[in-house]
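# A closer look at the structure
Each chain, written out:
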Amino acid sequence: MTEQTLKATVQSDLHDAMRARDKVRSGALRMALTSITNEEVAGKEARELSDDEVLKVLAKEAKKRKEAATAYRDAGHPERAEAEEAELAVLEAYLPAQLGDAELEALVSQAVTETGATGMPQMGQVMKAAQALVAGRADGGRVAAAVKAALSGR
């Protein structure tokens with residue numbers, strides 16, 4: 001039997017959630033599938049997304065939930081924040097495990113070494129190399145902070 005694509009996995013999990021009448025899970029998966037479909041039909045012609053592209057879409061959706069939860073909490077709406085966090089938990093199940101600080105620092109120092117960067121003017125080059133090494137396992141803000149710390153220490 002062939003391995004199922006990530007999109008197909010999300011679709012089958014949506015069907016299971018609907019059968020179980022799990023509103024939070026089915027709602028989060030519906031929104032994720034909508035985003036995946038929108039990405040597939042964006043541009044000049046429709047295409048099937050690879051698993052890596054689907055992961056990027058899911059990471060973007062998870063980031064939206066995280067930001068919305070923070071905004072709701074800051075605005076004094078804890079019940080809405082909890083709903084966003086519940087959806088975030090559903091989406092995080094499909095994302096790769098996030099890197100710890102030590103692992104992130106090791107990958108960033110590897111990127112600095114590979115690019116031969118000596119200071120802040122080369123931050124763009126290091127970010128590009130670091131993002132390739134991190135491959136969605138850490139938020140871009142965390143990667144940028146680690147790159148800045150590594151380059152300012154040189």
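As a convention, each chain's residues are numbered from 1 in the sequence order in which they are written. A pLDDT threshold of at least 70 governs which residues receive local features in this predicted model, and a stricter bar of 80 or more applies before side-chain atom pairs are shown or counted, although totals over entire chains, interfaces and linings include all residues. Side-chain figures throughout are based on the complete set of non-hydrogen atoms in the structure, without hydrogens or water.

On to the pattern of salt bridges, then. For this document, the term salt bridge refers to a Lys or Arg side-chain nitrogen within 4 Å of an Asp or Glu carboxyl oxygen. Taken as a whole, this structure holds ten salt bridges when the rule is applied. Its salt-bridge partner being R19, residue D16 comes within 3.1 Å of it at the nearest N-O pair. Here the residue D16 and the residue R19 both occupy positions in helix α1 (residues 6-19), the gap between them amounting to three residues, near one helical turn. Using a 1.4 Å probe on the protein chains alone, a residue whose accessible area is under 20% of its type maximum counts as buried, one over 50% counts as exposed, and one in between counts as partly exposed. Using a relative accessible area of 43% as the deciding quantity, one classes D16 as partly exposed. Of the residues examined, R19 reaches a relative accessible area of 63% and is grouped as exposed. One network of salt bridges, in which partners are shared, links E61, K64, R65, E84 and E87. Numbering of helices and strands starts at the N terminus; helices are DSSP runs of H or I of at least 4 residues and strands are runs of E of at least 2.

Time to look at the environment of A75. Within the element layout of this structure, A75 appears in the loop between α3 (51-74) and α4 (78-92). When the C-alpha atoms of A75 and R25 are compared, they prove to be 25 Å apart, with 50 residues separating the residues in sequence.

What follows covers the packing of helix α5 (residues 101-115) against helix α7 (residues 140-152). Packing of α5 against α7 brings their axes to within 9 Å, and their N-to-C directions diverge by 60 degrees. On the basis of their axis angle, the class for α5 and α7 is oblique. Relative to α7, the crossing made by α5 is right-handed. Contacts between α5 and α7 pair D101, L104, V108 and V112 from the former with R142, V143, A146, V147, A150 and L151 from the latter. A class-by-class count of the residues in the contact of α5 with α7 yields eight nonpolar, no polar and two charged. Here the axes come from fitting lines to C-alpha atoms, over the contacting stretch only for helices, and the angles between their N-to-C directions go from 0 to 180 degrees. Orientation labels follow simple angle bins: below 35 degrees gives roughly parallel, above 145 gives roughly antiparallel, 65 to 115 gives roughly perpendicular, and whatever is left gives oblique. Rotating anticlockwise by less than a right angle from the far helix to the near helix defines a left-handed crossing, while the corresponding clockwise rotation defines a right-handed one. By the convention used here, residues are in contact when the closest approach between their heavy atoms is within 4.5 Å. Following the grouping adopted for this structure description, the nonpolar residues are Ala, Val, Leu, Ile, Met, Phe, Trp, Tyr, Cys and Pro, the charged ones are Asp, Glu, Lys and Arg, and the polar ones are all others, Gly among them.

Another point: the side chain of K7. Mapped onto the secondary structure, K7 falls in helix α1. A relative accessible area of 13% means that K7 is categorised as buried. In this structure K7 touches L33, I36, E40, E48, D51 and V54, once residues within four positions along its chain are discounted.

Looking at where S26 falls in the secondary structure, it is placed in helix α2 (residues 23-41). Counted as a polar contact is a pair of N or O atoms within 3.5 Å, where, for protein atoms, one must be capable of donating a hydrogen and the other of accepting one, and residues adjacent in sequence contribute only when both atoms are in side chains. A distance of 3.3 Å separates a polar atom in the side chain of S26 from the backbone oxygen of K23. Residues in contact with S26, not counting those within four places in the same chain, are L14, A17 and M18.

In short, the description is geometric, and any link to function would need to be established separately.
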